[in-house]
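# Descriptive analysis of the structure
Residues per chain, in single letters:
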Amino acid sequence: MAAAAVDSAMEVVPALVEEAVPEAAGLSCLVNLPGEVLEYILCSGSLTAADIGRVSSTCRRLRELCQGSGKVWKEQFRVRWPSLMKHYSPTDYVNWLEEYKVRQKAGLEARKIVASFSKRFFSEHVPCNGFSDIENLEGPEIFFEDELVCILNMEGRKALTWKYYAKKILYYLRQQKILNNLKAFLQQPDDYESYLEGAVYIDQYCNPLSDISLKDIQAQIDSIVELVCKTLRGINSRHPSLAFKAGESSMIMEIELQSQVLDAMNHVLYDQLKFKGNRMDYYNALNLYMHQVLIRRTGIPISMSLLYLTIARQLGVPLEPVNFPSHFLLRWCQGAEGTTLDIFDYIYIDAFGKGKQLTVKECEYLIGQHVTAALYGVVNVKKVLQRMVGNLLSLGKREGIDQSYQLLRDSLDLYLAMYPDQVQLLLLQARLYFHLGIWPEKSFCLVLKVLDILQHIQTLDPGQHGAVGYLVQHTLEHIERKKEEVGVEVKLRSHEKHRDVCYSIGLIMKHKRYGYNCVIYGWDPTCMMGHEWIRNMNVHSLPHGHHQPFYNVLVEDGSCRYAAQENLEYNVEPQEISHPDVGRYFSEFTGTHYIPNAELEIRYPEDLESVYETVQNIYSAKKENVE
């Protein structure tokens, strides 16, 4: 009977929505239904927010059912933005209509800002103060972030430029939040020993677009602890660790009982779950991210040690971190409590080496050198994080393909958050800004971040005067060049000096010699690089030398290259190019070519027509031959 009432009422609702003044009979039929049935109809998903607004204006009964804090507007909010519901507690009073309006406004603001970024920052990296508009936004930040995520989840091959800048903005917002959390974490007393929490902040900062949380990582570790307890139960069914409850921080004092825990841990981690040190791909940043260590079940000494340490402490074994040179270790005390201990009163555990237990002599054999007793000492959380970030910093300096140096930039930010007065790293950061051309918008009107860094360096260490002076000089020269810049350079294919240019922006090409796939995002009628580059790249050995068109291309391996025309050919099987900067230049991939965004098209206004002709001649002809 209720189902029949619902079906009947659902036929009435569309008529009520369409008509400004509903007929009395139809309205009476609807409002006389039970309240639960009416709510079911209004929450069925067939009505939009605008529909609900019109329905609620028809009579008092429907207006009461559609009140802002009721189920109807809650369902509207949930259907429109389901990912936001996790931020609300079931016990909270929420005016869902007001939340809907605020979220809607935040979405419009987000799209407005994203749309403005391409025009403002097409010719340069997003500058240091480029995100100032975002920082001044009103309303909950989670709403703004949610809209950015919605943009990133739009249909795969379209809105590439929107996705490119939405990703940059979201990256910035989350990093700022994480960095603030890390700085607050670092203010904790020295005896605050949440090594895992600090490691997760580093993981989050370097992977801000991934869904990483301490809660989720702890849950995964808890599941490993359960497996260890299961094994431990087989060794000693009355072991005190089995009685520990989640969140307890009790410690077991008997060495034999501690040994039983470590035996069970080694069995579960290395035999059952197959965790191992990553010797084959040691210099991979993924080895330092805790969420990846758990997913891939591999890492380097420091990350494996933090996992091992966390599990052991949850089960009552008081292991401690040792900042041993070249190979991070853990130490396990064998001496009696209250006595004076030295380095020989500990066993040292190599979590990278399947939990192997080492003596002092074996530790030195492990790294091939004798070390002082001080290097066997325990270190606090900040020192552990310093070493983790130092490893990332070293990897960042090794980057060859990623020309944005994102890992180096992230690790510098993290290191300087912990040690803001490190002169050499401040100099490196200043050089990096200079190299990447990351300048504040209207830089000649504002104090450059680079100059701020350099002034800070000069205060800390006057001996760096030469390096500081060099960078200041080039920074000021950049400001002068910015003053002299004149408009956008437009390249017309129809111009006489461009008559030899055969290819157009957006085409998918293959390099004849090296075989890589790429997409063209710019061209010059002749090589525009300096004499040194031409000599180093041996351009003179090419049949046409440097007197031929050269193309700026985005390569599938993430690099950007400058290729001679004679070395390129059409890719007969075009595919998407996985390059982080594709969205900076193109708005869509059609399956055969990329469509330039508005800013790139301004610079090459005649190329798109040429692309269409090429696609028609090359790919359509190929399709006909196949058929």
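Check the entry above for the structure.
Since the structure is predicted, the reported quantities are computational estimates derived from the model, not experimental observations.

### Remarks on the pairing of strand E8 (residues 517–524)
Here E8 lies mainly inside the structure; eight of its eight residues are buried. One ladder, built from three bridges, connects strand E7 (residues 508–511) with E8; its direction is antiparallel. Following the sheet pairing, lysine 510 is matched in E8 by asparagine 517. Between E7 and the antiparallel strand that follows it, E8, lie five residues; glycine 515 among them carries a positive phi value of about 80°. Relative to strand E9 (residues 550–555), E8 runs antiparallel, the two sharing six bridges. Its bridge partner being in E9, cysteine 518 is matched across the sheet by valine 555.

### Some remarks on the sheet that holds strand E5 (residues 346–350)
Think of a sheet as strands paired side by side through backbone hydrogen bonds, with each pair either parallel or antiparallel. Taken together, four strands build an open sheet; the order of strands is E3-E4-E5-E6 and the sheet is antiparallel. Strands with a single pairing partner mark the edges of an open sheet, and in this sheet they are strand E3 (320–322) and strand E6 (356–358). Neighbour-to-neighbour, the strand axes of the sheet open up by a mean angle of 40°, direction not taken into account. By the bridge criterion, three bridges tie E3 to strand E4 (residues 329–333) in an arrangement that is antiparallel. Across the sheet, residue proline 321 finds its bridge partner in E4, namely leucine 330.

### So, the layout of surface pockets
Roughly 790 Å³ of internal volume is contained in the second largest pocket. Surrounding the second largest pocket, 28 residues form its lining, Lys86, His87, Glu145, Arg174 and Asp211 being those nearest its centre. Secondary structure elements with two or more residues in the lining of the second largest pocket: helix H9 (141–152), helix H10 (160–186) and helix H11 (195–206). When residues in the lining of the second largest pocket are grouped by element, the largest group, six residues, is from H9.

### So, the environment of threonine 592
As for its placement among the helices and strands, threonine 592 is situated in the loop between strand E12 (586–589) and strand E13 (594–596). In this structure, threonine 592 is in contact with Ile508, Pro574, Val615 and Tyr619, ignoring residues within four places of it in sequence. Within the structure, the side chain of threonine 592 is placed 3.3 Å from the side chain of threonine 590, a separation counted as a polar contact. In terms of polar contacts, threonine 592 uses its side chain to reach the side chain of histidine 593, at 2.8 Å.

Definitions and cut-offs
- Residues numbered from 1 in each chain as written.
- Predicted model: local features only at pLDDT ≥ 70, side-chain atom pairs only at ≥ 80, totals over all residues.
- Heavy atoms only, no water.
- Buried < 20%, exposed > 50% of the residue type's maximum accessible area, 1.4 Å probe, protein only.
- Helix = DSSP H or I, 4+ residues; strand = E, 2+ residues; numbered from the N terminus.
- Pairing = 2+ DSSP bridges.
- Axes fitted to C-alpha atoms, helices over the stretch in contact; angles between N-to-C directions.
- 1 Å grid on protein atoms, 1.4 Å probe; cavity = no way out; pocket = protein on both sides within 12 Å on 5 of 7 lines; lining within 4 Å.
- Points joined across faces, edges and corners; volume = space filled by probe spheres on them.
- Contact = heavy atoms within 4.5 Å.
- Polar contact = N/O pair within 3.5 Å; in protein donor to acceptor, adjacent residues only side chain to side chain.

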